[in-house]
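Here are the chains, one letter per residue:
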Amino acid sequence: MNEIDVDIDLFKKIQSGKQNMIILKEQNLEKEEDIIIKNEKNSEKILARITGKNEFKTFQDIIKVIPIELLGNIELYKNIRDTIFVYRIQTNIKFDIKAIIKDKKIYELLDFDNLEEIKIGRSISKVFKGRLKKNNQEVIFKVQFLPSRSSLTDEYIRLKWIYNKINSPEVYYWNEEDEDKYLIMELKKGIPAFKFNNIGYRLGKELKKIHSIDISKCEFCNNSTEKLISNFMDKVDNIYPELEKSYPGETKESLIKFIIENEPKDKVLIHGDYSLPNILIDENDIYNFIDLGDISVSSKYFDFYYFIRSLKINKKQDMLKDFLAGYGIENLEEKYLKWMDIIDKSLY
């Protein structure tokens with residue numbers, strides 16, 4: 001297992017749960033690899049898993065793409081002129097959440113003796129299962145300390161809008177304090193969809209229902225195809241090395257041409273992360289939906305792309321045929337799946 005030395009300030013931030021990125025010149029680390037993070041000034045070590053990897057030509061290229069607050073002590077890297085790699089990491093550290101919460105109201109609402117961190121997924125927020133003090137009701141508590149493309153604020157606003165339109169959690173409490181964000185919501189009961197077989201048809205029908213919601217008064221456009229293209233154009237110079245590996249033989253110019261000429265024109269309300277862990281099936285066969293922070297008006301292929309990727313991750317590819325039947329289509333257009341795959345590389 002590779003051991004990575006970092007400076008003491010970065011080590012402490014990772015240890016406290018307030019840092020989830022490291023910048024290295026090493027290129028031999030790969031996504032889903034386990035590593036050990038250490039600092040020469042102490043004997044402690046942190047076990048981490050790499051959940052993302054991006055290559056950049058210079059540090060200046062990095063700060064064009066990634067919020068500078070996520071990068072730790074930039075003085076260590078800003079003079080590097082060689083190729084540099086940014087790794088997103090996830091740890092299993094158990095830390096004292098009470099020590100870093102600034103919102104005093106949270107202490108009145110939650111029973112901290114029963115908080116359990118939930119590690120599933122790739123959320124930049126810290127996610128906990130807990131109970132309210134007043135009635136012992138089970139809830140989900142989310143805290144966001146770091147800036148991100150998908151903000152906890154976005155999830156709060158969308159949860160309020162989508163409530164009663166689909167089976168989604170009810171919001172009980174929301175606050176922002178000193179840029180930290182706090183959200184308490186209903187805990188939707190159920191078993192994640194990846195635990196089931198032979199539910200592809202129902203998953204297709206459920207997504208079709210979401211895509212059929214009236215969007216005439218929906219103002220969420222964070223994942224609109226227009227914004228996705230604009231974001232891609234802003235980042236294409238920096239992400240082309242990664243794109244070149246996925247699409248050998250394609251030039252930067254040919255990829256840009258493909259993205260512009262093959263923009264999907266359909267517009268529906270998308271879930272934004274229609275993946276198996278985000279669909280909970282309860283004892284009454286009701287399908288509940290969670291992680292709704294990326295709801296937007298966009299192409300249905302946005303949801304198709306991430307659903308198919310989730311099938312692959314969970315080794316459930318045999319569900320796809322029934323899923324399409326449930327949705328009401330025979331085939332997917334490969335050019336739009338390729339379009340989303342290219343776009344996905346820019347959604348860092």
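The rules behind each value
- Starting afresh in each chain, residues are numbered from 1 along the sequence in its written order.
- Only residues with pLDDT of at least 70 are given local features in this predicted model, and only at 80 or more are side-chain atom pairs given and counted; all residues enter the totals for whole chains, interfaces and linings.
- Excluding hydrogens and water, the side-chain figures rest on all heavy atoms present in the structure.
- A run of H or I in DSSP counts as a helix once it spans at least four residues, and a run of E counts as a strand once it spans at least two, with each numbered from the N terminus.
- Type-normalised accessible area, obtained with a 1.4 Å probe on protein chains alone, sets the label of each residue: buried when under 20%, exposed when over 50%, and partly exposed for intermediate values.
- Using a 1.4 Å probe, the Shrake-Rupley method yields the accessible areas, and only the shown protein chains count as cover for residues.
- Paired strands, as defined in this entry, are two strands with at least two bridges between them according to DSSP.
- Angles here are taken between N-to-C directions and fall from 0 to 180 degrees, while the axes themselves are lines fitted to C-alpha atoms, restricted in helices to the stretch in contact.
- Pairing of aromatic rings covers Phe, Tyr and Trp, the last through its six-membered ring, and needs centres within 6.5 Å; plane angles under 30 degrees mean stacked, over 60 mean edge-to-face, and all others mean tilted.
- A positively charged side chain is recorded as over a ring if its NZ (Lys) or CZ (Arg) lies within 6 Å of the ring centre. The angle to the ring normal must also be within 35 degrees.
- Among buried residues, the Ala, Val, Leu, Ile, Met, Phe, Trp, Tyr and Cys ones that are joined through side-chain atoms within 4.5 Å form a nonpolar core.
- Note on contacts: a residue pair is in contact if any heavy atoms of the two residues lie within 4.5 Å.
- By this rule, a helix spans an expected 1.5 Å times one less than how many residues it contains.
- Consider a residue and the seven residues that end there alongside the seven that start there; fitting an axis to each set, the bend is the angle between those axes.
- The scheme is simple: roughly parallel for angles under 35 degrees, roughly antiparallel for over 145, roughly perpendicular for 65 to 115, oblique for anything else.
- Left-handed describes a crossing whose near helix is turned anticlockwise from the far helix by less than a right angle; the clockwise case is right-handed.
- Residues are grouped as follows: Ala, Val, Leu, Ile, Met, Phe, Trp, Tyr, Cys and Pro are nonpolar; Asp, Glu, Lys and Arg are charged; all remaining types, including Gly, are polar.
- Salt bridge, as used here: a side-chain nitrogen of Lys or Arg that lies within 4 Å of a carboxyl oxygen of Asp or Glu.

Draft legend 1. Geometry of the overall build of the protein chain. Along the backbone of the protein chain there are ten helices and 15 strands. Evaluated residue by residue, the protein chain yields a buried proportion of 51% over its 348 residues. Surface exposure of the protein chain reaches about 17,600 Å², of which carbon and sulfur atoms provide 46%.

Draft legend 2. Highlighting the sheet that holds strand β1 (residues 2-5). Strand order in the open sheet made by the five strands is β1-β3-β4-β5-β2, with mixed pairing throughout. At either margin of the open sheet sits one strand with a lone partner, and together these are β1 and β2 (21-24). Across the sheet, the mean angle from the axis of one strand to that of its neighbour is 45°, orientation sign disregarded. Taken together, the eight bridges between strand β4 (residues 45-56) and strand β5 (residues 84-91) define a ladder with antiparallel strand orientation. Residue pairing across strands places K53 opposite Y87, the latter belonging to β5.

Draft legend 3. Highlighting the packing of aromatic side chains. Within the structure shown, the criterion is met by 15 aromatic pairs. Note on Y107 and F112: the rings are 5.2 Å apart at their centroids and 25° apart in plane angle, and the pair reads as stacked. Three or more aromatic residues joined by ring pairs make a cluster, and in this case those are Y274, F289, Y301, F304, F307, F323, Y327 and Y336. A cation over an aromatic ring shows up here: R158 above the ring of F220, its NZ or CZ 4.2 Å from the ring centre. One residue, K165, lies across the ring of W161, its end atom 4.3 Å from the ring centre.

Draft legend 4. Region of interest: the nonpolar core. Ranked by size, the top nonpolar core spans 64 residues in total, and within it L203, F232, Y274, F289, F323, W339 and I342 carry the most contacts. No other element matches the eight residues that helix α8 (residues 300-313) contributes to this core. Setting aside residues no more than four positions away along its own chain, W339 makes contact with T225, L228, I229, F258, I259, N262, E263 and P264. Within the second largest apolar cluster, 17 residues are counted, among which are I22, L24, L29 and Y87.

Draft legend 5. Geometry of the side chain of S151. Inspection of the secondary structure assignment puts S151 in the loop between β8 (138-144) and α4 (152-162). Taking relative accessible area as the criterion, S151 reaches 17% and is therefore assigned buried. Excluding residues that lie within four positions of it along the chain, S151 makes contacts with Q144 and K181.

Draft legend 6. Region of interest: helix α6 (residues 225-246). Relative to the 32 Å expected for 22 residues at 1.5 Å per residue, α6 spans just 21 Å between its end C-alpha atoms, considerably shorter than the ideal helical length. In α6, a bend of some 75° at V236 exceeds every other bend along the element. What α6 keeps buried is the set T225, L228, I229, N231, F232, K235, V236, N238, I239, Y240, P241 and L243.

Draft legend 7. Molecular detail of α4. Those residues of α4 that sit buried are L152, T153, E155, R158, L159 and I162. If you follow the buried residues of α4, they end up packed against β8, β9 (171-177), β10 (180-186) and β12 (268-270). At the exit of α4 stands N164, carrying a positive phi of roughly 80°.

Draft legend 8. Representation of the packing of helix α5 (residues 200-211) against helix α9 (residues 320-327) in the model. The interhelical angle for the contact between α5 and α9, taken along N-to-C directions, is 40°, at an axis separation of 6 Å. By the angle between their axes, α5 is oblique relative to α9. The element α5 and its partner α9 pack so that their crossing is right-handed. Of the residues in α9, those touching α5 at G200, Y201, L203, G204, K205, L207, K208 and H211 are D322, F323, A325, G326 and Y327. Looking at side-chain class alone, the contact of α5 with α9 contains six nonpolar, four polar and three charged residues.

Draft legend 9. Just unusual backbone geometry, in detail. A positive phi angle, near 80°, is found at N164, a position not held by glycine. Within the secondary structure layout, N164 lies in the loop between α4 and β9. Judged by relative accessible area, which is 67%, N164 ranks as exposed. Phi is positive for D291, close to 55°, though the residue is something other than glycine. Secondary-structure assignment places D291 in the loop between β14 (287-289) and β15 (296-298).

Draft legend 10. A look at the pattern of salt bridges. Under the definition given, this model contains 24 salt bridges. A salt bridge links E138 to K189; its shortest N-O distance comes to 3.3 Å. Of the two residues, E138 sits in strand β8 while K189 sits in the loop between β10 and β11 (191-192), which places them 51 residues apart along the sequence. E138 gets classed as partly exposed once you look at its relative accessible area, which sits at 23%. Taking the shortest distance from any N to any O, the salt bridge between R158 and D154 comes out at 3.9 Å. Pair noted here: R158 and D154 are both in helix α4, with a separation of four residues, about one helical turn. Owing to a relative accessible area of 6%, R158 belongs among the buried residues under this scheme. On the basis of relative accessible area, D154 is assigned to the partly exposed category, the value being 23%.

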